[in-house]
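Observations on the model geometry
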Amino acid sequence: MEKHSIQAGFKLLYTDNNEKIIYGAAKRLHIMPFHPNYDDFIQEGALSFVQAYVRYPDNIEQNLEKFRVFAYQAVYWRLLDLIRQTNRHTERIQSDQEALNSQVQSNLDHAYEDIYHDQLFRHLYQNCTKSERLFLIDCYVLQLKGSEIAKKHHVTRQCVSNWRRNVGNKALAYISKNNQ
């Protein structure tokens, strides 16, 4: 009996222009055709219409308009539940992403602090030119490659190589001085 009711529900849905019930409920909830899940919502609405047909307590043929109101309400509530469920899922993903970003940022902050507290780094930073300091920060703190540093500061890679060589010479001088 239920299979027949489901088949009859689909038949009623696609006759007598009853599909407009689904589209009307979707429109009321501002689910427009350009929504990425529009087709899924319409399919869910169709299934809700058929479920309403199966659940409807009175004789549908006697009062079709009363059933249409019942079906519209069932479709509307089902689509609203799906929207709420999607929003909760999206919010959960966003909060998880924010927590992950916060943790990554915290780890980066600790790594930056370790680098800044490093005695060699501090000595080099204090004894370098402005451009060599930029190189130190970009290379050792931000972990950029030479080509990325050149692009960032609008200089050639050869210029970045010169900065690297100068910083390296200063580091060697400091290390050899402290090892004596």
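Everything below is about the structure printed above this text.
Notes on the structure follow. Here the structure is a predicted model, which means the values were calculated and not measured. (Residues numbered from 1 in each chain as written. Predicted model: local features only at pLDDT ≥ 70, side-chain atom pairs only at ≥ 80, totals over all residues. Heavy atoms only, no water.)

Before going further, it helps to spend a moment on the nonpolar core. For soluble globular proteins, the rule of thumb is that nonpolar side chains tend to be buried together. Grouped together as the largest cluster of nonpolar side chains are 27 residues, with contacts concentrated most on Leu29, Ile31, Phe49, Phe67 and Leu79. Mapped onto this core, the elements with two or more residues apiece are helix H1 (2–13), helix H2 (19–28), helix H3 (38–55) and helix H4 (64–117). When residues in this core are grouped by element, the largest group, nine residues, is from H4. Not counting chain neighbours up to four residues away, the residues in contact with Phe67 comprise Leu12, Phe49, Ala52, Tyr53, Tyr56 and Ile60. (Core = buried A, V, L, I, M, F, W, Y, C linked by side-chain atoms within 4.5 Å. Buried < 20%, exposed > 50% of the residue type's maximum accessible area, 1.4 Å probe, protein only. Helix = DSSP H or I, 4+ residues; strand = E, 2+ residues; numbered from the N terminus. Contact = heavy atoms within 4.5 Å.)

Bringing the packing of helix H6 (residues 130–141) against helix H8 (residues 157–178) into the picture now. Following both chains from N to C, one finds H6 and H8 inclined at 90°, their axes separated by 9 Å at the closest point. Taken together, the axes of H6 and H8 are roughly perpendicular relative to one another. For the pair H6 and H8, the contacting residues are Ser131, Glu132, Phe135 and Leu136 in the first and Val160, Trp163, Arg164, Asn166, Val167 and Lys170 in the second. For the contact of H6 with H8, the class distribution of residues is five nonpolar, two polar and three charged. (Axes fitted to C-alpha atoms, helices over the stretch in contact; angles between N-to-C directions. Parallel < 35°, antiparallel > 145°, perpendicular 65-115°, else oblique. Nonpolar A, V, L, I, M, F, W, Y, C, P; charged D, E, K, R; others polar.)

A word on the side chain of Glu132. Here Glu132 lies in helix H6. Given the relative accessible area of 4%, Glu132 is considered buried. From its side chain, Glu132 meets the backbone nitrogen of Thr129 in a polar contact 3.0 Å long. With sequence-adjacent residues up to four places away left out, Glu132 is seen in contact with Trp163, Asn166, Val167 and Lys170. (Polar contact = N/O pair within 3.5 Å; in protein donor to acceptor, adjacent residues only side chain to side chain.)

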